[in-house]
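Observations on the three-dimensional arrangement
So the chains spell out like this:
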Amino acid sequence: MDSENHRVRSELGRALLKSGALDSDWLPSFALVQRSAFLPDLMWPFDMATARTVTVDRTKDPELWHRYAEDNVPIVTQWDDGKHQGSEPGEVSTSSISMPSVVFPMLRDLEVRLGDRVLEIGTGTGYNAALLGVRLGLSQVVSVEVDPAIAAAARTALERARLPVTVITADGFEGYAAGAPYDRVIATVGVREVPFAWVEQTSPGGVIVAPWGTHFSNQDAVARLIVSDDGASASGHFTDPAEFMSLRSQRLPFAGHNAYAPAGVQGADTSSTALPEEVFTGGEFGAPAFAIGLRVPQCTHTVALKREGTRRVWFYGLDDMSWACAFFRNDHPETTVYQSGPRRLWDEVESAYGWWERAGRPGHERFGLTVDAEGQTAWLDEPGASWFV
């Protein structure tokens, strides 16, 4: 079993190096920190071949467990904020360990130097904190976890691995002022607003790396922000697209479909559009959804499964009860759109998509974010060039 586990880890390391996700700076940490040492006996990996979440129990199938533990897949370790019981997946995944091909590029974005102090937001299993501790020294890393049970499990795993990084049980939204200032801050949870506390607790010239997005979708991008010389703001471009569970205090405030349209599309205003279905189904990390989310604030959307050649895409206003629905059908060049409420949500979405096309279909890397005491602003290409909230 040990030789097989070593083979699987070696294959993963080679694949990560070949893809560029892992570089020589982080190779020693990868080699010294076993991902499997930070995973529970019962876990729920996402199987890439079948595109579904599976249940894996080490006590029942240790070989399968180790294969997933050292594979390049995301693994859920908690459902429903710990209320979930049983071995089958729960309703909402609330803690996980990210796939290594996401973990190491984010660590690379952090650009740590020997002597740096790092604040990590979202301890999770403790794996990411362990990687940082090996690279920088255990006393240089502080990790904050809001869930007491998850924090306790991470401490146990870190102690067992002889990597006792400091883990604080607290709301990461507030950072951890007692340990400030930090040279680097990294979030392993998605945020909809970068707290100014993170900027205040980072030294001038320091770096903040965090998955950021809007409530429009789960399609985030990794923001790499540099704190200004006066410490009054942080600004920078996005790097890679990503998808993370949201910081608990910033979860989607959605009342559910029936609160908006209990009677379906009955009584709604109707129109048509030539916008293709692929705008909303053209890839897991498509730039259009990210851009639309920036241009259409306080809106979320869902893409229904396709049934008998038809698909509905729903849009819901989060600041009122406005909604819209685009009803796509195979072999129909025109799509019927239904809208209800004071906001014309579909009109806003269609306008945002047109803006994205006129801007040259920019990818995530052309967008950026600035955070200061007044809030945050997203922009395109350069701060001040094309501002929008």
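In this text, all values refer to a predicted model and were calculated from it rather than measured experimentally.

So, how was this worked out
Residues numbered from 1 in each chain as written. Predicted model: local features only at pLDDT ≥ 70, side-chain atom pairs only at ≥ 80, totals over all residues. Heavy atoms only, no water. Buried < 20%, exposed > 50% of the residue type's maximum accessible area, 1.4 Å probe, protein only. Helix = DSSP H or I, 4+ residues; strand = E, 2+ residues; numbered from the N terminus. 1 Å grid on protein atoms, 1.4 Å probe; cavity = no way out; pocket = protein on both sides within 12 Å on 5 of 7 lines; lining within 4 Å. Points joined across faces, edges and corners; volume = space filled by probe spheres on them. Nonpolar A, V, L, I, M, F, W, Y, C, P; charged D, E, K, R; others polar. Pairing = 2+ DSSP bridges.

Considering helix α4 (residues 100–110)
- Taking burial as the measure, the 11 residues of α4 include 8 buried ones, the bulk of the element.
- Of all the positions in α4, only Pro 100, Val 103, Phe 104, Pro 105, Met 106, Leu 107, Asp 109 and Leu 110 are classed as buried.

Considering the layout of surface pockets
- Taken as a whole, the second largest pocket encloses approximately 340 Å³ of empty space.
- If you trace the second largest pocket, you find 21 residues lining it, with Pro 40, Thr 77, Ala 149, Ile 150 and Ala 153 closest to the centre.
- Of all elements in the fold, only β4 (75–79) and α6 (148–160) reach the threshold of two or more residues within the lining of the second largest pocket.
- When residues in the lining of the second largest pocket are grouped by element, the largest group, 6 residues, is from α6.
- Residue composition of the lining of the second largest pocket, grouped by class: 11 nonpolar, 9 polar and 1 charged.

Comments concerning the pairing of strand β19 (residues 375–380)
- Two elements, strand β18 (residues 367–372) and β19, share 6 bridges in a ladder whose sense is antiparallel. Looking across to β19, one finds that Thr 370 is bridged to Thr 377.
- Adjacent in sequence and paired antiparallel, β18 and β19 are bridged by 2 residues.

What about the environment of Ala 242?
- Counting through the fold element by element, Ala 242 comes out in strand β12 (residues 233–242).
- In sequence terms Ala 242 and Gly 213 are 29 residues apart; their C-alpha atoms lie 9.4 Å from each other.

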